[in-house]
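So you can see what is in the structure, the chains are spelled out below.
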Amino acid sequence: MMGRVAKGGEDAAGGREAALLRRLAGEGDALLLDGATGTELERAGLATGLPLWSSHALLEAPEGVGAVHAAHLAAGAEVVTANTFRTQRRTLALAGLGDRDASLTRLAVSLARHAVDGRTRDDARPAWVAGSLPPLEDCYRPDRVPDDAALAREHGRQAELLGEAGVDLILVETMNCLREALAAATAASRTGLPFVVSFVAWDGPRLLSGESLADAARAAMQAGAAAVGVNCLPPENLEACRVALVATGVPLVVSPNLGEPDPETGFARDADRAPAHFVAALEPWLDRTPRLVGGCCGTTPAHIRALRARLGG
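Below or above, wherever it landed, is the structure these notes cover. (Residues numbered from 1 in each chain as written. Predicted model: local features only at pLDDT ≥ 70, side-chain atom pairs only at ≥ 80, totals over all residues. Heavy atoms only, no water.)

Some words on the overall build of the chain
The helix and strand tally for the chain stands at 12 helices and 8 strands. In terms of C-alpha radius of gyration, the chain reaches 18 Å, essentially the compact-globule figure of 20 Å for 313 residues. With the C-alpha coordinates aligned to their principal axes, the bounding extent of the chain is approximately 50 × 40 × 40 Å. Looking at the 313 residues of the chain, the share that counts as buried comes to 56%. In the chain, the proportion of contacts linking residues at least 24 apart, taken out of those at least 6 apart, comes to 74%. Surface summary for the chain: the accessible area is close to 12,600 Å², and the carbon and sulfur share equals 52%. (Helix = DSSP H or I, 4+ residues; strand = E, 2+ residues; numbered from the N terminus. Rg over C-alpha atoms; globule rule 2.2 N^0.38 Å. Buried < 20%, exposed > 50% of the residue type's maximum accessible area, 1.4 Å probe, protein only. Contact = heavy atoms within 4.5 Å. Areas by Shrake-Rupley, 256 points an atom, 1.4 Å probe, with all protein chains shown as cover.)

A few points about the nonpolar core
Counting residues in each nonpolar core, the largest one holds 58 residues, and the members touching the most others are Ile170 and Phe199. Per element, the largest residue contribution to this core is 6 residues, and it comes from helix 8 (residues 178–189). The next biggest cluster of nonpolar side chains, apart from the first, holds 14 residues, and it includes Leu20, Leu31, Leu169 and Val196. (Core = buried A, V, L, I, M, F, W, Y, C linked by side-chain atoms within 4.5 Å.)

A few points about the environment of serine 212
When you line up the elements, serine 212 lands in the loop between strand 5 (195–199) and helix 9 (213–222). Residue classification places serine 212 among the partly exposed positions, given a relative accessible area of 29%. When the C-alpha atoms of serine 212 and aspartate 99 are compared, they prove to be 37 Å apart, with 113 residues separating the residues in sequence. One polar contact links the side chain of serine 212 to the main-chain amide nitrogen of alanine 214, over a distance of 3.3 Å. A polar contact of 3.1 Å, which involves the side chain of serine 212, links it to the backbone nitrogen of aspartate 215. (Polar contact = N/O pair within 3.5 Å; in protein donor to acceptor, adjacent residues only side chain to side chain.)

Side note on the pattern of salt bridges
Under the criterion given, the structure shown has 19 salt bridges. In this structure, aspartate 101 engages arginine 157 in a salt bridge whose closest nitrogen and oxygen atoms are separated by 2.6 Å. One end of the pair, aspartate 101, is in helix 6 (residues 101–117); the other, arginine 157, is in helix 7 (residues 148–165), and 56 residues separate them in sequence. Judged by relative accessible area, which is 1%, aspartate 101 ranks as buried. Residue classification places arginine 157 among the partly exposed residues on the basis of a relative accessible area of 32%. (Salt bridge = Lys/Arg side-chain N within 4 Å of Asp/Glu carboxyl O.)

What to know about the side chain of threonine 81
Of note, threonine 81 is situated in strand 2 (residues 79–82). Judged by its relative accessible area of 12%, threonine 81 is buried.

As for the packing of aromatic side chains
Counted by the stated rule, this structure contains 2 aromatic pairs. Seen from their ring centres, tyrosine 140 and tryptophan 202 are 5.0 Å apart, and the 35 degrees between their planes marks the pair as tilted. Within this pair, whereas tyrosine 140 is found in the loop between strand 3 (128–133) and helix 7, its partner tryptophan 202 is found in the loop between strand 5 and helix 9, the two being separated by 62 residues in sequence. The class of tyrosine 140 is partly exposed, set by a relative accessible area of 34%. (Phe/Tyr/Trp six-rings, centres within 6.5 Å; stacked < 30°, edge-to-face > 60°.)

Laid out in structure tokens, this is it:
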């Protein structure tokens, strides 16, 4: 694995890695993830149309991506997620950019690392960069999951690119079926980096494929995940998923969205999506001290700041 020596040299990189591993093992409070990237880019008026979605900003406004990372760090996030959600060759090829997967993945990671390294000296809290490793096709369409050979090949390449670019951990996220989650987890494990696996579940403790969340969580832990949980689920489904996951005994990760967006603005319209209500919805999870907690689509630095206040520090 290449590219993991950060500013400060090998000693600094080794210390950062060891500190992260301790936190993932359950030492101290939950690691605070950042909030959404894509919807924050939309709020800033940047293009996010399909198929590239948030990757448009890497091409047209990389400074906007850096600003999102910086805002989440200023709000208290300890882990910022590099904007690699759609830098896989498969997605980029749809826009005629398939040969730029390596360069755009490196750019996304460098923007996140620059934000971490550029914090003021007054902020002594350690921070890390995660690489997003999402489904190759539509996160919400398990019927579009590619065949096993493609999953192994393409997740293997993207996980390798993330490792070479210098991420500290890999987020196998928004997985809608166990088959792809395990393919991505296998790819992540081969990098030697710590990784977590997060599923999307909208209706009770079931993946969008209909598979049991509890069974999927156990399988992901057997594949080597440091923590397993859910992301991009509406707050209304948090409790059902929490109960199912707690029963398995797995270390938890949770990162909900803000629920159904306003069709005109694309952002949550319900007053209950305010930061205080967002934190209240997560209280039962926080009582279990998850390994990682943050926000998904629609969440803002204000939601992360409210979580930081709840966690302390």
